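# Report on the structure
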Amino acid sequence: MFTLAEVASLNDIQPTYRILKPWWDVFMDYLAVVMLMVAIFAGTMQLTKDQVVCLPVLQSTVNSKAQPGTSGKADFTTVETTTGQGEEASMRTVSFGSAPTVTPDVPLSRATSPQYQPTESGQELKKEQKDSSGRKTNLDFQQYVFINQMCYHLALPWYSKYFPYLVLIHTIILIVSSNFWFKYPKTCSKIEHFVSILGKCFESPWTTKALSETACEDSEENKQRLTGAQSLPKYVSTSSDEGSPSASTPMITKSGFKFSADKPMIEVPSVTILDKKDGEQAKALFEKVRKFRAHVEDSDLIYKLYVGQTVIKTVKFIFILCYTANFVNTISFEHICNPKVEHLIGYTQFECTHNMAYMLKKLLISYISLICVYGFICLYTLFWLFRIPLKEYSFEKVREESSFSDIPDVKNDFAFLLHMVDQYDQLYSKRFGVFLSEVSENKLREISLNHEWTFEKLRQHVSRNAQDKQELHLFMLSGVPDAVFDLTDLDVLKLELIPEAKIPAKISQMTNLQELHLCHCPAKVEQTAFSFLRDHLRCLHVKFTDVAEIPAWVYLLKNLRELYLIGNLNSENNKMIGLESLRELRHLKILHVKSNLTKIPPNITDVAPHLTKLVIHNDGTKLVVLNSLKKMTNVAELELQNCELERIPHAIFSLSNLQELDLKSNSIRTIEEIISFQHLKRLTCLKLWHNKIVSIPSSITHIKNLESLYLSNNKLESLPAAVFSLQKLRCLDVSYNSIALIPVEIGLLQNLQHFHITGNKVDILPKQLFKCVKLRTLSLGQNCITSIPDKVSQLLQLTHLELKGNCLDRLPATLGQCQLLRKSGLVVEDHLFDALPSEVKEVLNQDTSIPFANGI
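Only a predicted model underlies this, so the values are computations on that prediction, with no experimental measurement involved. Residue numbers here run from 1 along each chain, matching the order of that chain's written sequence. Residues qualify for local features only when their pLDDT is at least 70, as the model is predicted, and side-chain atom pairs are given and counted only at 80 or more; totals for whole chains, interfaces and linings, by contrast, use all residues. Computation of side-chain values covers all heavy atoms of the structure but excludes hydrogens and water.

## Observations regarding the pattern of salt bridges
Think of a salt bridge as a Lys or Arg side-chain nitrogen and an Asp or Glu carboxyl oxygen that are within 4 Å of each other. Counted by the stated rule, this structure contains 20 salt bridges. The salt bridge involving R647 is made with E673; its shortest N-O contact spans 2.4 Å. You can see R647 sitting in the loop between β18 (637–641) and β19 (660–662) and its partner E673 sitting in the loop between β19 and β20 (685–687), a full 26 residues away along the chain. Buried means the residue's accessible area, taken with a 1.4 Å probe over protein chains only, is under 20% of the maximum for its type, while exposed means over 50%, and partly exposed covers the values in between. Using a relative accessible area of 45% as the deciding quantity, one classes R647 as partly exposed. Put simply, E660 and K687 hold a salt bridge, and the shortest N to O gap is 3.5 Å. Highlighted residues: E660 in strand β19 and K687 in strand β20, separated in sequence by 27 residues. With relative accessibility at 15%, the residue K687 sits in the buried group. The network of salt bridges with common partners includes E287, R290, K291 and E441. Starting at the N terminus, helices and strands are each numbered in turn, a helix being any DSSP run of H or I of at least four residues and a strand any DSSP run of E of at least two.

## Regarding helix α18 (residues 426–433)
Of all eight residues that make up α18, seven are buried, and the element is covered over most of its length. Along α18, the residues that are buried comprise L427, Y428, S429, K430, R431, F432 and G433. The N-terminus of α18 is capped by D425, whose side-chain oxygen sits 3.0 Å from the backbone nitrogen of L427. Two N or O atoms count as a polar contact when they lie within 3.5 Å, although within protein this holds only if one can serve as hydrogen donor and the other as acceptor, and sequence-adjacent residues are included solely when both atoms are side-chain atoms.

## Digging into helix α8 (residues 185–203)
By definition here, a helix of n residues has an expected span of 1.5 Å times n minus one. Helix length check: α8 (19 residues) gives 27 Å between terminal C-alpha atoms against 27 Å at 1.5 Å per residue, within 8%. Along α8, the residues classified as buried are T187, C188, K190, I191, F194, V195, I197, L198, C201 and F202.

## Section: the environment of Y393
You can see Y393 is positioned in strand β6 (residues 392–393). Overall, Y393 belongs to the buried group, its relative accessible area being 8%. In this structure Y393 touches D409, V410, A415, L418, H419, D422 and S429, once residues within four positions along its chain are discounted. There is a polar contact of 2.6 Å between the side chain of Y393 and the side chain of D422. Two residues form a contact once any of their heavy atoms are found within 4.5 Å.

## A closer look at the confidence of the model for the protein
pLDDT is a residue-level measure of predictor confidence that goes from 0 to 100. Per-residue pLDDT for the protein has a mean of 79; in total, 79% of the residues score no lower than 70. Low pLDDT (under 50) marks residues 218–272, which in the prediction has 81 contacts with non-local residues, meaning those over four places away or in another chain. For residues 849–856, every residue scores under 50 in pLDDT, and the model assigns this stretch nine contacts once sequence neighbours within four places are set aside.

## With respect to the state of the cysteines
Here is the idea: a disulfide is a covalent bond, and it sits between the sulfur atoms of two cysteines. Note on terminology: disulfide denotes any pair of cysteine sulfur atoms within 2.5 Å. By the definition in use, this model includes two disulfides. One disulfide bridge connects C54 with C352, the sulfur atoms lying 1.9 Å from each other. Handedness of the C54-C352 disulfide follows from its S-S torsion of about 110°: it is right-handed. Taken together, the residues C54 in strand β1 (residues 52–56) and C352 in strand β5 (residues 350–354) connect sequence positions 298 residues apart.

## A closer look at the side chain of Q641
Along the chain, Q641 turns up in strand β18. A polar atom in the side chain of Q641 sits 3.1 Å from the side chain of E639. When near neighbours in sequence (up to four residues on either side) are disregarded, Q641 contacts I616, H617, N618, D662, K664, S665 and N666.

## A short note on the environment of A835
Within the secondary structure, A835 sits in the loop between α23 (830–834) and α24 (838–844). In this structure A835 comes out as exposed when scored by relative accessible area, which is 55%. On a C-alpha basis, the gap between A835 and R810 in space is 7.0 Å, while along the polypeptide they are 25 residues apart.

## Some thoughts on the pairing of strand β16 (residues 590–595)
Along β16, five of the six residues are buried, which leaves the element largely enclosed by surrounding structure. Strand direction decides the pairing type here: strand β15 (residues 562–568) and β16, joined by five bridges, are parallel. Bridging across to β16, L563 finds its partner in L591. Where β16 meets strand β17 (residues 613–618), six bridges bridge the pair, whose relative direction is parallel. Following the sheet pairing, V593 is matched in β17 by I616. DSSP bridges decide pairing: two strands pair if at least two such bridges lie between them.

## Some remarks on the sheet that holds β5
Pairing within the open sheet is antiparallel, and its three strands lie in the order β1-β5-β4. The strands lining the two open edges of the sheet, one partner per strand, are β1 and β4 (334–337). Going from strand to strand, the sheet's axes swing by 25° on average, the running direction of each strand aside. In this structure, β1 lies alongside β5, joined through five bridges in antiparallel fashion. Bridge pairing links V53 to T353 in β5. The sheet strands contacting helix α6 (residues 141–154) are β1, β4 and β5, and the helix crosses β1 at an angle near 115°. Between N-to-C directions, angles cover 0 to 180 degrees, with each direction set by a line fitted to C-alpha atoms, over the stretch in contact for helices.

## Some points on the environment of L540
By secondary structure assignment, the location of L540 is in strand β14 (residues 539–546). A C-alpha to C-alpha distance of 8.5 Å links L540 and Q514, two positions 26 residues apart in sequence. Residues contacting L540, with those up to four places away along its chain left out, are L516, L518, V554, L557, L560, E562, L563 and Y564.

## A short note on the UniProt feature "transmembrane region" (unreviewed entry) in the protein
UniProt positions are given in the numbering used here, feature names are shortened, and annotations may be inferred rather than shown by experiment. In the UniProt entry, the feature "transmembrane region" (unreviewed entry) is given for residues 27–47, 162–182 and 364–386. Within the segment residues 27–47, helix and strand shares are 100% and 0% respectively, and the terminal C-alpha atoms sit 30 Å apart. Annotated as 100% helix and 0% strand, the span residues 364–386 places its first and last C-alpha atoms 33 Å apart.

Take a look at the structure:
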């Protein structure tokens with residue numbers, strides 16, 4: 001046996017799923033419970049009280065019934081025998097002798113006498129009826145039990161016997177069909193996730209705040225009430241039950257979010273500023289909603305499963321109704337039974353009564369009525385499913401009633417779940433829509449950001465850079481805190497990886513701001529802020545992945561002096577989209593481009609008339625087309641680094657105002673074109689370092705005004721005498737080559753101040769080197785030098801001497817006569833320094849502020 005509660009538990013679902021149960025599903029669940037009760041009641045009655053009582057039909061009665069035109073009912077002897085299915089009766093062997101049948105209990109002489117007459121028999125029967133209360137059948141109790149059981153199975157219609165079980169099975173199938181989408185693994189997980197997120201969104205303080213602010217923005221009347229109620233007590237609704245309005249709580253209606261007119265409503269600070277925990281929970285909800293939407297919108301399995309189970313219930317209803325209606329008339333109180341056990345009982349026909357017939361018939365009619373109601377609801381459900389496209393959901397009304405006009409429409413299973421929720425309460429979808437809005441998310445981030453990054457905290461992050469300017473670097477924030485713009489003495493502002501950066505009008509109070517860095521930060525500016533930046537900003541660094549990320553307002557900063565662009569500007573991919581506006585940068589002096597260019601973009605020539613410095617750092621991409629350089633006649637400094645150049649570009653020779661040329665990290669092997677530099681009268685600095693140059697042509701002597709020559713990290717094996725004819729040369733760097741000898745002509749460079757020959761194969765230092773008395777820096781490290789001449793004392797202006805990595809066994813004591821040389825500027829092994837005389841070490845250890853000694 002099982003209880004009603006155990007059966008009803010089959011229809012029990014988690015309470016959290018109730019928001020996905022529209023009224024028709026709830027109604028059908030109650031109908032299923034009633035049908036279960038009918039099945040259990042009928043089954044209980046059948047198991048305990050169901051019985052059939054049978055009496056044999058006597059021969060005379062059978063004959064009278066067999067005569068044409070006669071009808072009627074036989075008289076029966078009342079014998080109460082219970083055909084209890086749980087009751088066992090033992091069969092008794094009845095011996096009838098040689099007679100194959102048993103005749104009714106009448107006098108033997110009458111039964112066998114050939115002179116038996118019907119008239120006499122009738123008279124005797126009347127006499128017997130007067131003498132006895134019924135007819136005798138000569139059947140004992142066990143025979144009645146046997147025949148009752150036989151006729152229960154043979155005479156009763158099968159539907160009368162199995163009606164409770166059929167109702168139970170059908171009801172269980174209907175219950176399973178109604179709730180299968182909650183149990184199927186591929187849909188259950190999505191539904192559980194949706195219900196969980198929906199509940200958290202409904203109860204989130206951010207939802208209440210967002211809708212409250214929308215109401216305040218849309219209702220001017222509420223603003224007036226709030227203004228006029230400053231001295232009144234504050235009433236704030238903190239209940240999550242938005243469906244039970246009262247006189248002192250906000251009310252949400254179809255016309256929008258409104259406050260009650262009975263008592264003024266004033267927001268308290270706890271609503272205006274979320275605490276950190278609520279803010280973090282709200283931000284987590286935005287992320288969960290975003291991921292859930294991406295996951296659920298890809299399929300429509302939940303929708304198809306719900307439609308499928310509804311179709312199954314409808315088909316089941318039609319099937320039950322069709323076959324059940326035919327059995328209503330088969331359930332009757334009286335039944336004729338022909339068990340074919342005449343050899344055991346002596347009778348061929350019995351008339352039986354079924355005591356549960358009337359009850360079963362009423363229960364069956366009740367069941368058919370319930371099924372009809374259930375079926376009509378199924379038909380209505382199908383009509384609702386196909387009446388409107390449930391795989392599309394629009395938040396149009398929410399967008400109209402709120403300030404979040406960017407709430408997107410959803411589709412597939414996500415849309416279907418929201419339609420189902422609307423049948424429960426449309427307020428759920430309205431609150432859920434707040435977490436689909438990017439505007440709402442950005443607003444939350446802004447509030448949380450300002451709450452976390454206060455003025456005091458930002459002040460602690462301000463530092464001084466190498467240029468002794470006050471600098472603030474903000475990295476990977478959700479936005480720019482408002483307190484940043486209160487740092488009025490800030491010189492440099494760096495914003496890195498802040499995708500939602502917005503620069504408000506408050507930036508206009510940062511009067512010292514002249515340098516701005518935007519690293520993967522496509523900042524948006526207000527009109528007032530742009531006007532300020534246009535007039536005051538002098539230096540701008542923009543780092544990006546694609547050129548489209550460069551803010552459009554960058555090209556309109558007419559007073560900008562320096563622009564640094566770092567990112568993908570390959571003209572073959574994006575054709576320099578956006579850089580066409582560089583012509584508006586009329587005061588631009590320095591343009592630094594670090595990218596992967598194959599040619600110098602023609603748009604850069606828009607700023608050529610006033611550009612004085614152009615820097616192009618490639619990532620190893622070969623720079624092929626350089627004709628645009630010819631138009632940059634005012635360029636004084638040109639850097640073409642890592643551009644895979646094999647020769648010095650001829651276009652450079654047209655830059656008559658060029659003063660400094662840097663061709664670092666290319667593939668230049670020969671510099672025979674260097675003779676053409678004689679036309680560049682202003683060229684003073686030539687940097688050909690980190691190339692593959694093997695020799696220096698003698699034509700270098702034609703660059704009369706050259707002051708700095710950088711040839712480090714090449715493949716030079718010697719220094720030609722022509723190099724030392726450059727009388728104005730102040731800096732010569734030939735480090736990390738294969739030079740074995742320093743020519744004696746080096747003594748001709750009387751203006752030489754910096755000489756670097758580190759990382760070569762030099763073993764002897766010529767005495768002429770120490771005639772360069774203006775030397776301040778002498779780098780001789782990592783060579784094969786065995787001794788330092790005492791004439792090093794002639795270098796009175798020497799401040800930096802590198803000797804580490806040679807084959808020295810001692811240092812000359814005359815080092816102490818180098819008045820400006822100190823230990824910090826002497827790069828040498830510790831044991832060599834320790835071997836110096838104590839008075840020399842004392843001189844080298846002196847502070848630079850102490851007057852220099854005259855000598856030792």
